[in-house]
Amino acid sequence: MATFPRTPLSLADDQGQPAVTVTRAVFALAGVLALVLGFIGLDQYLASQGVTDRDPLNLLYGTLQLFVLGSDPLEGGTDFPPALQVARFVAPIVTLYAFAEAARVLLASEMRRLRARRSRRHVVVCGDSSVARTLAHRLHLSGHRVVVVRTQPIGPLELRRRGLLGVNGDARDPDVLRGAGVPRAATLYACAETSAANLEIAAAAARMAAPRNDLAVYAQIHEADWALTLQARRLGVPHTPGQRLDFFHLDQLAVHVLLDQRPLPNRPDRVPRLLVAGDSSLVRALIVEIARHWRLRRSSPAQRVVVDLVAPDAIRVRDRFAERGGVVQDGCRVTAYETDVSALLDDPGRAGYDRVFLCFADDREGLELALREHRLWRRVSGDIIVVVDALAAITEAFSRDQREEPLLDPIDGRVRLFSAVAAGCDPALIAEDLSERLGRLIHERFVEASLLRGERLGGSPALCPWSELDEELRRSNRQQAGDFGIKLHMVGCAVVPADGGDDDDFCFTEAEVELLARREQQRWAEAARGNGWVRGARRDGALRQTPDLVDWEELGPEGRAKCRAAVLEIPQILADAGFLVVRLTDTGVSRALNPA
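Here the structure is a predicted model, which is why all the values come from computation and not from measurement.

Focus: the overall build of the chain
- The helix and strand tally for the chain stands at 24 helices and 17 strands.
- Put simply, the chain has 596 residues, and 48% of those count as buried.
- For the chain, restricting intrachain contacts to residue pairs at least 6 apart in sequence, the fraction spanning at least 24 positions comes to 74%.
- When the accessible surface of the chain is summed, it comes to about 28,900 Å², and 55% of that surface belongs to carbon and sulfur atoms.

Right, dumping it as structure tokens:
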């Protein structure tokens with residue numbers, strides 16, 4: 001069984017301290033040796049002194065007194081047996097070491113609390129979940145100073161092993177956040193078990209951050225629709241230089257990693273056939289990402305991935321995709337089956353699949369299906385991907401990474417375990433906020449339009465997948481996306497999560513297009529100058545010259561057309577991201593938010 005490169009945090013990831021362990025073991029043995037030698041030596045000494053009543057309990061009590069620098073039977077005595085001489089020195093040394101170790105542990109705990117409170121430009125991770133633990137561990141491995149805030153007790157051994165600073169308490173309490181040094185932190189991640197708690201943490205952190213602190217707050221939202229709603233409201237607020245508040249949904253991040261690591265097969269003769277089964281919340285995000293992924297790789301706009309969806313609510317999920325339209329309808333042909341996978345395989349005439357995704361809320365159900373349903377192995381030509389969380393640690397038993405042969409049958413390496421928590425807990429992915437995702441959609445639409453015109457991938461620096469795109473071009477797309485909220489406010493519009501019941505035929509008026517095209521030219525020119533471009537007679541990438549670096553009044557017809565096209569694409573790009581543009585008032589221009 002093959003596994004994905006990213007694995008969840010487990011106890012195997014802990015980095016122990018062998019030197020400390022060996023030292024403790026040595027002193028523990030020394031303590032036992034002192035006790036045994038002291039007992040024997042004291043018995044020998046009392047016998048030499050003519051004491052006949054040597055009760056074992058009295059001997060034990062006298063031996064224990066050696067550890068506190070004294071023993072009543074030895075007062076004023078001389079000429080001690082060798083065993084007793086050794087015990088007289090070893091026992092106090094063991095006692096001193098024990099006191100020193102206890103003081104070190106206590107002081108280390110206090111020092112960690114003090115360091116956490118006085119830390120600067122550090123990262124704060126709040127929550128008791130596996131997401132919080134995995135994220136904190138990865139941040140530490142990447143070189144960040146990390147302060148964890150948990151309601152459950154944090155053992156000093158855990159903090160020391162993972163190189164973390166810790167604060168116990170409810171992260172919604174401002175005093176607890178101050179104890180974690182939030183006012184001077186660079187980043188805060190709210191990863192509690194509920195979305196409501198994460199929102200409270202984010203709000204409390206934003207209130208206490210210093211006015212000039214560029215604190216970035218990332219709040220995990222567990223419900224997909226709720227995450228879209230909050231992201232829509234965040235999109236409507238211009239980005240301020242002081243603080244940043246973003247919301248992330250783990251499933252959205254995980255499916256992006258999944259298809260990035262295992263792209264869909266692309267054959268010129270036919271489209272892929274996929275089976276998606278399970279009751280996990282990840283199913284919906286996976287189908288959306290499959291559609292988006294395929295649209296950039298298909299050879300014809302008419303090609304749609306065939307997806308058989310097997311789930312208890314498969315019909316409702318399919319109908320919801322149909323109502324919302326957009327990227328799923330354009331990239332996938334979803335057929336719903338409210339049955340189980342075994343019943344689906346009973347049909348001998350059913351065509352095979354190129355890949356299977358098993359996404360069950362109960363890890364065992366999906367893994368057991370992949371390991372025992374032999375008919376599934378015969379029907380699938382490619383991978384059988386099982387999404388796991390709690391059982392992700394057992395992937396090592398099927399892997400050849402650390403041994404010549406796996407402990408369990410890998411089934412020809414076709415079954416692959418994928419942990420959404422491990423994949424999604426990537427600080428770089430979480431930092432890709434809504435502007436990043438919209439910027440990627442802008443680029444994807446550009447690539448798709450270029451392919452329709454007969455151009456090929458790699459034909460120019462901009463015609464490549466997002467992950468391979470030059471950083472300056474990616475930044476340009478992000479900046480364009482980051483201006484969407486300002487443009488919408490200029491014409492009295494806002495965004496809401498797309499819903500099949502809403503009117504999705506939004507379009508700007510001609511006057512609005514002209515107004516927003518001017519704004520787009522102004523924004524683009526400022527960004528280009530910031531990247532070192534200057535005005536020139538013709539475009540020259542090497543010299544960083546372009547004739548379009550002018551005001552709107554001097555811009556030529558081709559440049560104006562590009563700006564208008566960028567404005568007209570805003571509703572479609574937002575629709576691909578799951579949003580809908582709506583008007584606030586009939587005279588929305590009067591509600592403009594400072595566009596500068």
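Digging into the layout of surface pockets
- As a volume, the largest pocket reaches approximately 1,500 Å³.
- Around the largest pocket sit 38 residues that line it, and F446, S476, W524, R539 and K562 are the ones nearest its centre.
- At the level of secondary structure, the elements contributing two or more residues to the lining of the largest pocket comprise α19 (434-452), α20 (471-482), α22 (510-530) and α23 (557-568).
- Within this model, the second largest pocket holds a volume of roughly 930 Å³.
- Every residue lining the second largest pocket is counted, 43 residues in all, and those nearest its centre are V288, A575, D576, A577 and G578.

Section: the pattern of salt bridges
- One pass over the structure, following the stated rule, counts 42 salt bridges.
- For R273, the salt bridge goes to D308, with nearest N and O atoms at 3.6 Å. Here the residue R273 occupies a position in strand β8 (residues 273-277), and D308 occupies one in strand β9 (residues 305-310), the gap between them amounting to 35 residues.
- With relative accessibility at 19%, the residue R273 sits in the buried group.

Quick notes on the environment of D313
- Tracing the backbone shows D313 in the loop between β9 and α11 (314-324).
- Expressed as a C-alpha distance, the spacing of D313 and E338, which sit 25 residues apart in the sequence, is 6.5 Å.

Details of helix α14 (residues 363-372)
- All of the buried residues along α14 are D363, G366, L367, L369 and A370. Here the buried residues of α14 occupy an arc of 155° about the axis, which is enough to place them on one side.
- Where α14 is buried, its residues meet α13 (341-345), β11 (355-358), α15 (374-379), β12 (384-388) and β13 (415-419).
- The distance from a side-chain oxygen at the start of α14 to the backbone nitrogen of R364 is 3.1 Å, and the residue carrying that oxygen is D362.

Thoughts on the sheet that holds strand β3 (residues 146-150)
- Spatial strand order, β4-β3-β2-β5-β6-β7: 6 strands in an open sheet with parallel pairing. Bordering the open sheet on either side are β4 (165-168) and β7 (244-248), each of which pairs with just one other strand. Geometrically, the sheet is characterised by an average inter-axis angle of 15° between neighbouring strands, direction not taken into account.

Some words on the pairing of β9
- Across the 6 residues that make up β9, a large majority, 6, are buried.
- In the sheet, β8 pairs with β9 via 5 bridges, with the strands oriented parallel. From the neighbouring strand, R273 faces β9, where its bridge partner is V306.
- Of the crossover connections in this fold, the one passing from β8 over helix α10 (residues 282-295) to the parallel β9 is right-handed.
- Bridge analysis of β9 against strand β10 (residues 332-337) gives 6 bridges, and the strand direction is parallel. Its bridge partner being in β10, L309 is matched across the sheet by A336.

Digging into the UniProt feature "transmembrane region" (unreviewed entry) in the chain
- The residues that UniProt annotates with the feature "transmembrane region" (unreviewed entry) are residues 21-42 and 89-107.
- From the first C-alpha to the last, residues 21-42 spans 31 Å; its make-up is 100% helix and 0% strand.

Focus: the packing of helix α9 (residues 250-261) against α10
- Across the interface, α9 lies against α10 with an axial gap of 9 Å and an inter-helix angle of 45°. It follows from the interaxial angle that α9 and α10 lie oblique. You can see that α9 and α10 cross each other, and the crossing is right-handed. Across the interface between the two elements, D251, Q252, A254, V255, H256, L258 and L259 of α9 pack against L282, A285, L286, E289, I290 and H293 of α10.

A look at the nonpolar core
- Formed by 58 residues in total, the largest nonpolar core has its most connected members in Y189, L286, I290, L309 and F357.
- At 8 residues, α10 tops the list of elements feeding residues into this core.
- L434, L438, F506 and V581 belong to the second-largest nonpolar core, a separate cluster that totals 31 residues.

Here we look at the packing of aromatic side chains
- In this structure the tally under the stated criterion is 4 aromatic pairs.
- With a centroid separation of 5.4 Å and an interplanar angle of 20°, the aromatic rings of Y189 and Y218 are classed as stacked. Of this pair, Y189 sits in strand β5 (residues 187-190) while Y218 is found in strand β6 (residues 216-220), placing the two residues 29 residues apart along the sequence.
- Assessed through its relative accessible area of 4%, Y189 is described here as buried.
- With relative accessibility at 5%, the residue Y218 sits in the buried group.
- Directly above the aromatic system of W466 lies the positively charged group of R474, at a separation of 5.9 Å from the ring centroid.

Brief notes about a nonpolar patch on the surface
- A contiguous nonpolar surface patch, about 350 Å² in accessible area, is contributed by L35, L57, L60 and L64.
- Locating L35 in the fold gives a position in helix α1 (residues 18-48).
- Here L35 falls in the partly exposed class, since its relative accessible area comes to 31%.

Here we look at the confidence of the model for the chain
- In the predicted model, the chain carries a mean pLDDT of 82, and the fraction of residues at 70 or more is 84%.
- Confidence over residues 8-16 falls short of pLDDT 50; this stretch has 15 contacts with residues more than four positions distant or in other chains.
- Confidence over residues 587-596 falls short of pLDDT 50; this stretch has 20 contacts with residues more than four positions distant or in other chains.

Here's the deal with the side chain of D483
- Here D483 shows up in the loop between α20 and α21 (484-490).
- Judged by relative accessible area, D483 falls into the buried class, the value being 4%.
- Polar contacts involving the side chain of D483 include one to the side chain of K487, which spans 2.4 Å.
- Excluding anything up to four places from it in sequence, D483 contacts R519 and R523.

Here is what the cut-offs are and how they apply
- Residues numbered from 1 in each chain as written.
- Predicted model: local features only at pLDDT ≥ 70, side-chain atom pairs only at ≥ 80, totals over all residues.
- Heavy atoms only, no water.
- Helix = DSSP H or I, 4+ residues; strand = E, 2+ residues; numbered from the N terminus.
- Buried < 20%, exposed > 50% of the residue type's maximum accessible area, 1.4 Å probe, protein only.
- Contact = heavy atoms within 4.5 Å.
- Areas by Shrake-Rupley, 256 points an atom, 1.4 Å probe, with all protein chains shown as cover.
- 1 Å grid on protein atoms, 1.4 Å probe; cavity = no way out; pocket = protein on both sides within 12 Å on 5 of 7 lines; lining within 4 Å.
- Points joined across faces, edges and corners; volume = space filled by probe spheres on them.
- Salt bridge = Lys/Arg side-chain N within 4 Å of Asp/Glu carboxyl O.
- Arc of directions from axis to C-beta.
- Polar contact = N/O pair within 3.5 Å; in protein donor to acceptor, adjacent residues only side chain to side chain.
- Pairing = 2+ DSSP bridges.
- Axes fitted to C-alpha atoms, helices over the stretch in contact; angles between N-to-C directions.
- Right-handed = clockwise from strand over helix to strand, strands pointing away.
- UniProt positions renumbered as here; feature names shortened; annotations may be inferred.
- Parallel < 35°, antiparallel > 145°, perpendicular 65-115°, else oblique.
- Left-handed = near helix turned anticlockwise from the far one by under 90°.
- Core = buried A, V, L, I, M, F, W, Y, C linked by side-chain atoms within 4.5 Å.
- Phe/Tyr/Trp six-rings, centres within 6.5 Å; stacked < 30°, edge-to-face > 60°.
- Lys NZ or Arg CZ within 6 Å of the ring centre and 35° of its normal.
- Patch = residues over 30% accessible without salt bridge, like charges linked within 9 Å, V, L, I, M, F, W, Y side chains within 5 Å.
- pLDDT = per-residue confidence, 0-100.

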